[in-house]
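In case you want the letters, here they are:
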Amino acid sequence: MTHRASGGELLAPGVGIIEQPIGAMDLEEAVAAIRSGPRGPRVAAVFDFGGTVVSGFNPPAALERLVRRRSGRTAVTNVMLGSIRGARSEGEYERFLQQAMHTWAGVPETELDELGAALFHRTVHGHLYPEAWRLVREHETAGHTLILVSSLTRYQVQPVAEELGIPNVLCTTMSVQDGVLTGHVDGKPLWRNGKADAVRRFAATRGIDLAQSWIYADSAADLPLLQLAGHPFAVNPDPRVVLEAAEKSWPVLHFRPRQAPKPTDYARTVSGFGALVGGALFGVAAKAHTKQRRQMADSMMTVAADSTLRGTGVRVRVSGAENARAPRPAVFIFNHQSQFDIIVIAEVLGAGFTGVAKQEVANNPLFGPLMRFVEVTFINRGDSAAARAALQPVVETLRGGLSVVIAPEGTRSLTPRVGAFKKGAFHIAIQAGVPIIPVVIRNAGEIAWRNSAVVRKGVVDVAVLPPIDVSGWDPAQLDDEVERVRQLFVDTLLHWPEN
């Protein structure tokens with residue numbers, strides 16, 4: 001049974017626009033403005049970093065201790081971590097810059113690169129605004145030149161730019177000699193007018209027309225930057241920017257930052273996992289009289305999924321549900337964002353399927369036993385030969401009439417970005433003579449963050465796309481075909497189908 005949400009209901013925490021003051025623009029209006037505006041690389045989309053793309057936050061103490069212990073450089077790590085929140089005043093920014101110059105002097109640049117990447121993967125990715133990700137993708141589709149600008153250094157900013165697919169980064173540059181930081185700034189810091197000047201110079205060298213360009217920023221220090229653009233957007237503006245936006249009729253956007261789990265989230269999670277176990281046992285018991293493992297497995301999945309959704313307060317809204325029922329068997333592929341995807345897939349597909357998962361999941365104390373009972377094939381991603389051998393029986397499973405579910409990205413993504421697809425699922429479909437059916441999931445990464453077991457109340461949208469006939473595909477020439485299928489996921493996330 002599918003739980004549906006009303007059309008006006010907010011999505012999961014971190015998705016959508018919060019209730020806004022009169023005159024504010026919502027995300028869909030901003031998207032419509034991009035789609036109806038000028039296209040091409042002479043138009044820029046400039047995103048400020050702190051407060052606009054990444055919400056301001058203080059790294060948790062546990063993370064600080066972990067990173068310090070692993071880096072072995074307490075002072076270096078303190079500056080890197082403390083500055084992630086972003087400076088709130090000129091004095092605060094000057095203190096950061098002085099500390100960075102002093103403590104990073106003599107540190108190899110590669111070490112700071114590694115530290116910045118570690119911070120991103122451990123915590124910063126969880127504070128990216130999904131709304132900013134959406135706007136970046138819209139500007140990318142319009143062919144605009146994407147720019148991420150920050151008063152911080154590339155060690156903090158570059159990992160975010162790479163995840164968002166923004167190729168141009170303008171930030172404060174630290175002087176480096178022979179691969180080691182000298183303790184000085186190379187050029188002018190990108191604070192206030194420095195940031196605006198950097199964008200102006202970049203635009204001049206690339207032939208960008210700023211009068212037709214978009215700039216998104218949040219603080220009073222960014223007013224010179226916002227004033228450059230023909231399309232300035234105040235994002236989560238501070239009081240000074242609110243006044244300026246009102247005076248100059250700038251659009252105002254309000255993004256919802258991700259919040260730490262609340263006691264109710266923990267209670268809901270405990271309830272959900274209890275419902276999962278109870279539902280699984282009840283489902284098996286309900287079909288135990290048949291003594292047919294497949295019937296028991298199907299009953300277990302459908303009852304457990306439905307019970308878990310009820311227990312957690314999560315609702316699944318499905319578009320293209322008819323494609324989930326026929327044709328069968330098929331290889332269903334989905335974009336992977338969270339551990340909760342398993343529940344979503346079971347709710348959408350119902351019965352008559354099994355899956356392929358990485359070996360590590362077999363050790364999960366909750367999902368491992370359940371997945372073994374439904375005969376999921378576990379593969380060792382570190383051993384390509386063993387993985388290919390393990391997939392061969394999956395072809396026979398399909399030929400026997402049972403569908404298979406695979407996440408072609410191979411692992412959960414940090415953000416809504418759709419990662420590169422591996423070819424295993426497509427080889428299996430070709431060999432078994434069955435179609436590929438894309439299952440596009442939206443918001444699951446907000447319901448349960450990557451590597452988090454806590455489940456938040458909300459809505460997960462799922463679009464089941466029409467089946468793709470792979471019978472004419474050449475197994476030796478799959479790159480273009482696989483990329484076209486991946487692009488279907490990207491396009492669907494941008495242009496979500498109406499129910």
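As the structure is a prediction and not an experimental result, all values here were calculated from the model. (Residues numbered from 1 in each chain as written. Predicted model: local features only at pLDDT ≥ 70, side-chain atom pairs only at ≥ 80, totals over all residues. Heavy atoms only, no water.)

### Regarding the sheet that holds strand E3 (residues 168-172)
Part 1 of the argument: Read from one edge of the open sheet, six strands run E3-E2-E1-E6-E7-E8, paired in parallel fashion. A single partner strand is all that each edge strand has here, and the edge strands are E3 and strand E8 (252-253).
Part 2 of the argument: Two elements, strand E6 (residues 214-217) and strand E7 (residues 231-235), share four bridges in a ladder whose sense is parallel. By the bridge assignment for E7, Ala217 is matched with Ala234.
Part 3 of the argument: Packed onto the sheet, helix H4 (residues 90-104) meets strand E2 (145-153) and E3 and runs at close to 80° relative to E2.
Part 4 of the argument: The sheet contacts of helix H8 (residues 193-206) involve strand E1 (44-48), E2 and E3, and relative to E2 the element is tilted by about 150°. (Pairing = 2+ DSSP bridges. Helix = DSSP H or I, 4+ residues; strand = E, 2+ residues; numbered from the N terminus. Contact = heavy atoms within 4.5 Å. Axes fitted to C-alpha atoms, helices over the stretch in contact; angles between N-to-C directions.)

### A few points about the packing of helix H12 (residues 293-312) against helix H14 (residues 341-349)
Part 1 of the argument: At a minimum axis distance of 9 Å, the contact between H12 and H14 shows a crossing angle of 120°. When the interaxial angle is binned, H12 and H14 end up oblique. Classified by chirality, the crossing of H14 by H12 is left-handed. Contact residues: Met301, Ala305, Asp306, Thr308 and Leu309 in H12; Ile343, Ala346 and Glu347 in H14. (Parallel < 35°, antiparallel > 145°, perpendicular 65-115°, else oblique. Left-handed = near helix turned anticlockwise from the far one by under 90°.)

### Some thoughts on the nonpolar core
Part 1 of the argument: Judged by nonpolar contacts, the single largest core of 87 residues is most densely connected at Trp104, Leu135, Val160, Val331 and Phe426.
Part 2 of the argument: Other than its neighbours up to four places away in sequence, Val160 contacts Phe49, Val53, Val54, Phe120, Val124, Leu128 and Leu148.
Part 3 of the argument: With 44 residues, the next largest nonpolar core counts Phe340, Ala346, Leu370 and Val376 among its residues. (Core = buried A, V, L, I, M, F, W, Y, C linked by side-chain atoms within 4.5 Å. Buried < 20%, exposed > 50% of the residue type's maximum accessible area, 1.4 Å probe, protein only.)

### So, the packing of aromatic side chains
Ring pairs (aromatic) are described by centroid distance and by the angle formed between their planes.
Part 1 of the argument: With the rule as written, the count across this model stands at nine aromatic pairs.
Part 2 of the argument: Centre to centre, the rings of Phe96 and Trp104 are 6.4 Å apart; their planes meet at 80°, and the pair counts as edge-to-face.
Part 3 of the argument: Residue classification places Phe96 among the buried positions, given a relative accessible area of 7%.
Part 4 of the argument: Trp104 sits in the buried class, given a relative accessible area of 0%. (Phe/Tyr/Trp six-rings, centres within 6.5 Å; stacked < 30°, edge-to-face > 60°.)

### Section: the pattern of salt bridges
Part 1 of the argument: What the rule picks out here adds up to 23 salt bridges.
Part 2 of the argument: For Asp298, the salt bridge is made with Arg294, and the minimal N-O distance between the two is 3.0 Å. With a gap of four residues between them, Asp298 and Arg294 both fall in helix H12, about one helical turn apart.
Part 3 of the argument: Judged by its relative accessible area of 15%, Asp298 falls in the buried class.
Part 4 of the argument: One network of salt bridges, with partners in common, ties together Glu28, Arg35, Arg134 and Glu138. (Salt bridge = Lys/Arg side-chain N within 4 Å of Asp/Glu carboxyl O.)

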